[in-house]
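Single-letter residue listing:
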Amino acid sequence: KTGNVLSSNNIFDVNNIEIEKTGKISYDVLANQAILKGFKQLINKVLLKKDTKKLQDLQFAEIKELVNYYQVLDSVDDKTTVEKINFNISFDKEKIHKLFYKTGISYSKITDKELFILPILKKNNQIFIYNQNYFYSNLNEVDDTELIEFILPLENIEIIKNINLNINNLLNLDLRNLFSEYSGKNLALVLIEEKNSKEKNIFFNVEILGKKIVKNIKLNKINLNEEELNKKIINEIKQELINLIKSQNLIDVTIPSFLNVQFKISKNNNLVELTSKLNKIDLIENIYIQEFNNESVFLKIKYLGKLAKIIKQLENKNIILKLNNGQWSIKII
């Protein structure tokens with residue numbers, strides 16, 4: 001199927017999969033290559049590192065069954081003699097859910113892709129925050145990813161002062177005070193410390209969806225020059241932070257939740273419009289009508305994930321969910 005780019009909001013759509021076309025290879029063969037490549041991109045996007053291994057033995061025939069449809073875009077002109085074709089693949093949500101259910105995998109749906117991060121270098125017992133700090137200067141030059149937007153704070157005297165006052169206690173530092181202008185956002189302070197000539201320690205002080213996480217990892221310098229090592233460190237930092245963000249945004253398909261809501265009917269609130277909007281929210285599995293009268297409809301909504309995420313997705317569709325005297329109510333605004 002040819003056409004425009006698939007929805008960027010659908011987590012199970014993978015866009016702009018580039019495949020090289022050599023010789024007289026058919027579009028069917030190219031499409032199969034795109035499906036396999038797209039599936040790998042999908043599971044790397046939505047699964048924790050440890051869970052991607054559970055799908056390594058999945059056969060191509062099983063992967064192809066998960067495809068809803070695909071699009072063939074125009075050839076990519078990259079001014080070389082190699083012709084490249086772009087594909088968009090739409091994977092079927094229900095089939096993917098069944099696969100995850102069968103394999104006992106939870107997947108991640110990240111709604112807030114922004115992470116405010118401050119990498120700090122500790123070398124020879126000196127702290128480098130903005131100046132002479134390779135990791136601050138080059139963080140977004142290495143291993144670019146669309147999954148998370150890593151945002152570096154601009155040089156700020158208050159941040160410098162706060163860091164210097166807590167130089168020996170950075171892992172316990174309250175990030176909401178350090179990043180006061182980014183309240184309510186995902187935050188990370190990363191300390192890169194050269195422990196000895198053979199390894200470096202990386203310490204993480206992270207706050208994701210209001211939850212504080214502290215951890216550290218070690219990297220060996222084996223067979224790497226300084227530039228290669230620094231790039232590897234940035235790569236590891238980003239992958240670790242992405243994995244932490246995924247872990248706080250997991251959806252367990254084996255444990256659905258139910259929400260009983262009252263919907264008052266009016267000129268501005270009709271049931272057809274409501275159900276149309278609800279059906280576009282991918283975390284909502286089903287909607288059941290429990291009871292109705294001339295004034296109200298009582299619905300049971302089956303959904304996946306945390307209630308806070310559902311509330312956020314409803315707000316994005318201009319739907320308000322409120323709890324009054326033990327009864328949830330829902331309305332379109």
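Analysis parameters
- Residues numbered from 1 in each chain as written.
- Predicted model: local features only at pLDDT ≥ 70, side-chain atom pairs only at ≥ 80, totals over all residues.
- Heavy atoms only, no water.
- Helix = DSSP H or I, 4+ residues; strand = E, 2+ residues; numbered from the N terminus.
- Buried < 20%, exposed > 50% of the residue type's maximum accessible area, 1.4 Å probe, protein only.
- Contact = heavy atoms within 4.5 Å.
- Areas by Shrake-Rupley, 256 points an atom, 1.4 Å probe, with all protein chains shown as cover.
- Lys, Arg positive; Asp, Glu negative; His and termini not counted.
- Charge placed at Lys NZ, Arg CZ, Asp CG, Glu CD.
- Core = buried A, V, L, I, M, F, W, Y, C linked by side-chain atoms within 4.5 Å.
- Salt bridge = Lys/Arg side-chain N within 4 Å of Asp/Glu carboxyl O.
- Pairing = 2+ DSSP bridges.
- Arc of directions from axis to C-beta.
- Phe/Tyr/Trp six-rings, centres within 6.5 Å; stacked < 30°, edge-to-face > 60°.
- Polar contact = N/O pair within 3.5 Å; in protein donor to acceptor, adjacent residues only side chain to side chain.
- pLDDT = per-residue confidence, 0-100.

Concerning the overall build of the chain
Point 1. A count of helical and extended segments in the chain gives 10 helices and 16 strands.
Point 2. Summarising its shape, the C-alpha atoms of the chain cover approximately 75 × 65 × 35 Å along the three principal directions.
Point 3. Residue burial in the chain is summarised as follows: out of 333 residues, 42% are buried.
Point 4. Residue pairs in contact within the chain that sit at least 24 positions apart in sequence constitute 65% of those at least 6 positions apart.
Point 5. For the chain, the computed accessible surface area is about 18700 Å², with 45% contributed by carbon and sulfur atoms.
Point 6. Counting 48 positive and 41 negative side-chain charges, the chain places the averaged centre of each group 4 Å from the other.

Observations regarding the nonpolar core
Point 1. Counting 51 residues, the largest nonpolar core has F39, F87, F91, F100, Y107, L278 and I330 as its most contacted members.
Point 2. Ranked by residue count, the leading element in this core is helix α1 (residues 27-46), at eight residues.
Point 3. In this view, L278 contacts I284, I287, I301, L314, I319 and I330; residues no more than four positions away in its chain are not counted.
Point 4. Counting 30 residues, the second-largest nonpolar core is a separate cluster that includes L121, I213, L241 and I242.

Examining unusual backbone geometry
Point 1. At N16, a position not held by glycine, the phi torsion is positive, near 55°.
Point 2. N16 gets classed as partly exposed once you look at its relative accessible area, which sits at 45%.

Examining the pattern of salt bridges
Point 1. A full pass over the atoms with the stated rule returns 11 salt bridges.
Point 2. Across the salt bridge formed by E114 and K185, the nearest N and O atoms sit 3.3 Å from each other. Taken together, the residues E114 in strand β5 (residues 114-123) and K185 in the loop between α7 (175-178) and β8 (186-194) connect sequence positions 71 residues apart.
Point 3. E227 is the salt-bridge partner of K231, the closest N and O atoms lying 3.9 Å from each other. Here E227 and K231 lie together in helix α8 (residues 226-247), a separation of four residues that amounts to about one turn.

Here we look at the pairing of strand β13 (residues 284-292)
Point 1. The sheet contact formed by β13 and strand β14 (residues 296-303) spans seven bridges and is antiparallel. Bridging from a neighbouring strand, E291 pairs with F298 of β14.
Point 2. Counted along the chain from β13 to the antiparallel partner β14, the turn is three residues long.

Digging into helix α10 (residues 307-316)
Point 1. If you check which residues of α10 are buried, you get K309, I310, Q313 and L314. The buried side chains of α10 occupy one side of the element, clustering within an arc of 140° when seen end-on.
Point 2. In this structure, the buried side of α10 is in contact with α9 (271-278), β13, β14, β15 (319-324) and β16 (327-332).
Point 3. Two residues or fewer past α10, N318 is found with a positive phi of approximately 60°.

Some remarks on the pairing of β15
Point 1. Sheet topology note: the β15/β16 ladder contains six bridges and is antiparallel. When the bridges of β16 are listed, I319 appears paired with I332.
Point 2. Connecting the antiparallel pair β15 and β16 is a turn made up of two residues, with N325 showing a positive phi of about 50°.

Some points on the packing of aromatic side chains
Point 1. Summed over all chains, the structure comprises eight aromatic pairs.
Point 2. When the centroid spacing of 6.1 Å and the interplanar angle of 55° are considered together, the rings of Y70 and F87 count as tilted. Of this pair, Y70 sits in strand β2 (residues 67-76) while F87 sits in strand β3 (residues 83-91), and the two are 17 residues apart along the sequence.
Point 3. Residue Y70 is classed as partly exposed on the basis of its relative accessible area of 25%.

A look at the environment of L47
Point 1. Inspection of the secondary structure assignment puts L47 in the loop between α1 and α2 (49-52).
Point 2. Each C-alpha atom of the pair L47 and N201 lies 26 Å from the other, and the pair is 154 residues apart in sequence.

Concerning the side chain of N205
Point 1. On the secondary structure map, N205 appears in strand β9 (residues 199-208).
Point 2. For N205, the side chain forms a polar contact with the main-chain oxygen of L171, separated by 3.3 Å.
Point 3. In terms of polar contacts, N205 uses its side chain to reach the backbone carbonyl oxygen of L173, at 3.0 Å.
Point 4. Setting aside anything within four residues of it in sequence, one finds N205 in contact with L170, L171, N172, L173, L175, L187, A188, L189, K212, I213 and V214.

Regarding the confidence of the model for the chain
Point 1. When pLDDT is averaged along the chain, the result is 89; 94% of the residues meet or exceed 70.
Point 2. Averaged pLDDT values for the elements of the chain fall to 83 in β2 and rise to 96 in helix α3 (residues 60-64).
Point 3. Across residues 1-6, confidence stays below pLDDT 50; counting only partners more than four residues off in sequence or on other chains, it has 20 contacts.

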